[in-house]
Amino acid sequence: MTERIQLINWVTFRLILPFTLLAACIFRFNLFTLIYGLFFLLVPLARSPNVYTIKRHTGGLIWALTTVSGIFMLAQIAFQIALAARKPYGHEFPNCSLNDNITRQVGLYRLDGARFVHVARLILPDVIVFIVSAALAVMAFQTTRQNADAPSNADEPLRPHREERPGLLRLFVELVILIFVAGAGIISPSLISSVYFLCFLFMGTFWACLGNAEKVFVKFVRYALLLFCAAHLAVLFLYQMEFLQELVTTDSFPSRLVGLLAVIRIDCSEPRDLRYQATPWYNFINPAILIVLYYLLASHIRQWKGYTVGRRKERYARMPTPTDTADVDSNVDLSMRQQRLKNPFLQYRVRSRIRHSNAAPESVIVKTRTNPQTAVTVS
């Protein structure tokens, strides 16, 4: 794959596609855009399109989004054709009726009497998402075809891992994540936001006392916080829909206690208009902080996983295995005995033997069940 196609894939997948899905979720609130929101949450967890990832999760994500957006676009066209075919237009879906409420919650609207701005807001998201995802799918197909036509090279790795971040950059990323966790906890005090505040206190205290934010338990907290943030965003999106605001009113005690923020107000008499609630400014900032926090956590976890998995593969590729010969002299040429170490318990024994002995790390005698004395090399 050429560098130009790789750059186009990265820009489309990392910048254009997330902003397109986010715009679809901001300007329209129904079941269709809820599914787009789920894809919006999955994009930062997937790796950028390349020869390796196109055949795996990233390629599956692109093709799934293309299929879903195509189905939604065809549903919009079919619904408008059905309304126009049964004269007069939309007489079976009057405002505030049960049929109208159901179709609007799904994502299908009557467009008679609507201004052009509202027509574009309700119809264009499906078209634009389909165009962007289809373009990504076409580039993925070209990438796969070019890789199949190119001459194979056995020495070229299929999945080069990411390099470890410099210490200062890693420290800066940790600090930014901690700041956004604190912001999510204090911008709009509620029962849900208290989880972010407690996580901020734990991560900040752990980091200040031990000076290391890369411990396993802190990483587990990041995973849990990522899932909680995704669920929080989904709940906030669902609460912008009309049926949930009717079920739990915005000024009720449960909504204020939990922290359900109603930013959008929908009137069934004018369902195609988009109105904003008279709400404090921090209710608009809170979802933005959650989105940025989610993307920071997802990107950080994706980068960390890419580095550790690649480093583990590279380390195991360098480790040798015991030879099949029972009697091996440790002074024999070590290059004749370098194979992969398939048993991780043997690897642990080798490293333990190195730490507790005066032998050089290049050659250690390890007793195994199959080979009483075997010399292996540990890099």
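Residues numbered from 1 in each chain as written. Predicted model: local features only at pLDDT ≥ 70, side-chain atom pairs only at ≥ 80, totals over all residues. Heavy atoms only, no water.

**Side note on the overall build of the protein chain**
Which entries qualify depends on this criterion: For the purposes of this entry, the term helix denotes a DSSP run of H or I that reaches at least four residues, the term strand denotes a run of E that reaches at least two, and both are numbered from the N terminus. Note on exposure labels: buried denotes an accessible area under 20% of the residue type's maximum, exposed denotes more than 50%, and partly exposed covers the range between, all computed with a 1.4 Å probe on protein chains only. Working rule for contacts: check all heavy atoms of both residues, and any pair within 4.5 Å makes them a contact. Method for areas: the Shrake-Rupley scheme with a 1.4 Å probe, in which residue coverage is limited to the protein chains shown.
Tallying secondary structure elements over the protein chain gives 12 helices and 4 strands in all. Taking all 379 residues of the protein chain together, the buried fraction comes to 43%. Sequence-distant contacts in the protein chain: of pairs separated by 6 or more residues, those separated by 24 or more amount to 67%. Looking at the protein chain as shown, the accessible area adds up to about 21,400 Å², and 66% of this sits on carbon and sulfur atoms.

**Notes on the side chain of glutamine 105**
Mapped onto the fold, glutamine 105 is located in helix 4 (residues 98-106). Sequence-distant contacts of glutamine 105, defined by excluding residues within four places in its chain, comprise Asn30, Leu31, Met241, Glu242 and Phe243.

**Some details on empty space enclosed by the protein**
Here is the rule we go by: The rule is simple: put a 1 Å grid over the protein atoms alone, call a set of points where a 1.4 Å probe fits but cannot get out a cavity, call an open set with protein on both sides within 12 Å along at least five of seven lines a pocket, and count a residue as lining if it has an atom within 4 Å of a point. Grid points are joined across faces, edges and corners, and a volume is the space filled by probe spheres set on the points. Ten residues, namely Ala, Val, Leu, Ile, Met, Phe, Trp, Tyr, Cys and Pro, are considered nonpolar, four, namely Asp, Glu, Lys and Arg, are considered charged, and the remaining ones, Gly among them, are considered polar.
Enumeration according to the criterion identifies 4 cavities of 30 Å³ or more in this entry. If you add up the space inside the largest cavity, you get close to 120 Å³. Around the largest cavity, the lining is made up of 13 residues, and of these Phe29, Tyr109, Arg121, Ile266 and Pro271 lie nearest the centre. Breaking the lining of the largest cavity down by element, the ones donating at least two residues are helix 4, helix 5 (116-149) and strand 2 (270-276). Of the residues contributing to the lining of the largest cavity, the split by class is 7 nonpolar, 1 polar and 5 charged.

**Examining unusual backbone geometry**
Between lysine 87 and proline 88 the backbone carries a cis peptide bond, its omega angle lying at -10°. Residue position: proline 88 is located in the loop between helix 3 (57-85) and helix 4. One non-glycine residue with positive phi stands out, namely cysteine 96, at about 70°. If you trace the backbone, cysteine 96 turns up in the loop between helix 3 and helix 4.

**Description of the pairing of strand 2**
Operational definition: Two strands form a pair only when DSSP identifies at least two bridges running between them.
Bridging between strand 1 (residues 264-267) and strand 2 involves 3 bridges; their strand directions are antiparallel. By the bridge assignment for strand 2, arginine 265 is matched with arginine 275. Connecting strand 1 to the next strand, strand 2, in antiparallel fashion are 2 residues.

**Thoughts on the layout of surface pockets**
Size it by volume and the second largest pocket reaches roughly 590 Å³. Lining the second largest pocket are 23 residues, and of these Cys25, Ile26, Phe29, Pro287 and Ile291 lie nearest its centre. Looking at the lining of the second largest pocket, the elements that each hand over two or more residues are helix 1 (3-27), helix 2 (31-42), helix 8 (216-239) and helix 11 (282-318). Among the elements that take part in the lining of the second largest pocket, helix 2 stands out by supplying 6 residues, more than any other. Looking at side-chain class alone, the lining of the second largest pocket contains 20 nonpolar, 3 polar and no charged residues.

**Examining the nonpolar core**
Counted only if it meets this: For the purposes of this section, nonpolar cores are sets of buried Ala, Val, Leu, Ile, Met, Phe, Trp, Tyr and Cys residues that join through side-chain atoms within 4.5 Å.
Phe13, Leu17, Leu21, Tyr36, Tyr196 and Tyr294 are the most contacted members of the largest nonpolar core, which has 61 residues in total. Put simply, the parts of the chain that give this core at least two residues each are helix 1, helix 2, helix 3, helix 5, helix 6 (167-186), helix 7 (193-210), helix 8 and helix 11. Each residue touching phenylalanine 13, except ones within four places of it in the same chain, is listed here: Pro18, Val43, Ala46, Arg47, Ser48, Pro49, Thr58, Leu61, Ile62 and Leu136.

**Quick notes on the confidence of the model for the protein chain**
The line we're drawing: Values of pLDDT, ranging from 0 to 100, describe the predictor's confidence in every residue of the model.
Averaged over all residues, the pLDDT of the protein chain is 77; the fraction at 70 or higher stands at 72%. Overall, residues 152-161 carries pLDDT values under 50, and its contacts beyond four positions in sequence, including any with other chains, amount to 9 contacts. Counting contacts from residues 359-379, a segment whose pLDDT is below 50, to residues more than four positions away or on other chains yields 59 contacts.

**Structural notes on helix 4**
Residues of helix 4 that are buried include every one of Asp100, Thr103, Arg104 and Gln105, and no others. Phi for glycine 107, located one or two positions after helix 4, is positive at around 135°.

**Focus on the pattern of salt bridges**
Rules: Each salt bridge in this description consists of a side-chain nitrogen of Lys or Arg and a carboxyl oxygen of Asp or Glu lying within 4 Å of one another.
One pass over the structure, following the stated rule, counts 8 salt bridges. Ionic pairing is found between glutamate 242 and arginine 104, a salt bridge with its closest N-O pair at 2.9 Å. Here glutamate 242, found in helix 9 (residues 242-247), pairs with arginine 104, found in helix 4; they are 138 residues apart in sequence, far enough to count as distant. Here glutamate 242 matches arginine 104 in class, with each residue buried. With its nearest N and O atoms 3.7 Å apart, the salt bridge here joins aspartate 273 to arginine 275. Three or more residues joined by partner-sharing salt bridges are found here, namely Asp100, Arg104 and Glu242.

**As for the packing of aromatic side chains**
When we look at a pair of aromatic rings, we describe it by the centre distance and by the angle of the planes. We apply this condition: Working definition: a ring pair exists when centres of Phe, Tyr or Trp rings (six-membered ring for Trp) sit within 6.5 Å. Plane angles under 30 degrees give stacked, over 60 give edge-to-face, the rest tilted.
Applying the stated rule across the entire model yields 11 aromatic pairs. Pairing phenylalanine 32 with phenylalanine 72 gives two aromatic rings, centres 4.0 Å apart and planes at 10°, and the pair type is stacked. On the criterion of sequence distance, the pair formed by phenylalanine 32 in helix 2 and phenylalanine 72 in helix 3 is long-range, its members being 40 residues apart. Measuring from ring centre to ring centre gives 6.3 Å for phenylalanine 197 and phenylalanine 200, while their planes differ by 40°; the resulting arrangement is tilted. You can see phenylalanine 197 and its partner phenylalanine 200 sitting in helix 7, 3 residues apart, about one turn around the helix.

**Focus on a nonpolar patch on the surface**
Note the cut-off: Patches were defined on residues exceeding 30% relative accessible area and lacking a salt bridge, with like-charge contacts within 9 Å and nonpolar side-chain contacts (Val, Leu, Ile, Met, Phe, Trp, Tyr) within 5 Å.
Where nonpolar side chains cluster on the molecular surface, the patch consists of Tyr276, Trp281, Tyr282, Phe284 and Ile285 and spans about 520 Å² of accessible area. The element contributing the most residues to the nonpolar patch is helix 11, with 3 residues. Relative to the elements of secondary structure, tryptophan 281 occurs in the loop between strand 2 and helix 11.

**Quick look at the packing of helix 2 against helix 3**
To keep it simple, the criterion reads: The angle between two axes is taken between their N-to-C directions and runs from 0 to 180 degrees, where each axis is a line fitted to C-alpha atoms and a helix contributes only its stretch in contact. Angular relationships are summarised with four words: roughly parallel below 35 degrees, roughly antiparallel beyond 145, roughly perpendicular across 65 to 115, and oblique for the angles in between. Crossings are classed by handedness, with left-handed meaning an anticlockwise turn of the near helix from the far one by less than a right angle and right-handed meaning a clockwise turn.
Between helix 2 and helix 3, the least distance of the axes is 11 Å, while the angle of their chain directions is 165°. Looking at the two axes, helix 2 sits roughly antiparallel to helix 3. With respect to the hand of their crossing, helix 2 and helix 3 are arranged in left-handed fashion. Residue-level inspection shows Phe32, Ile35, Tyr36, Phe39 and Leu42 of helix 2 in contact with helix 3, the latter providing Leu61, Ala64, Leu65, Val68, Ser69, Phe72, Ala75 and Gln76. Residues of the contact of helix 2 with helix 3, tallied by class, amount to 11 nonpolar, 2 polar and no charged.

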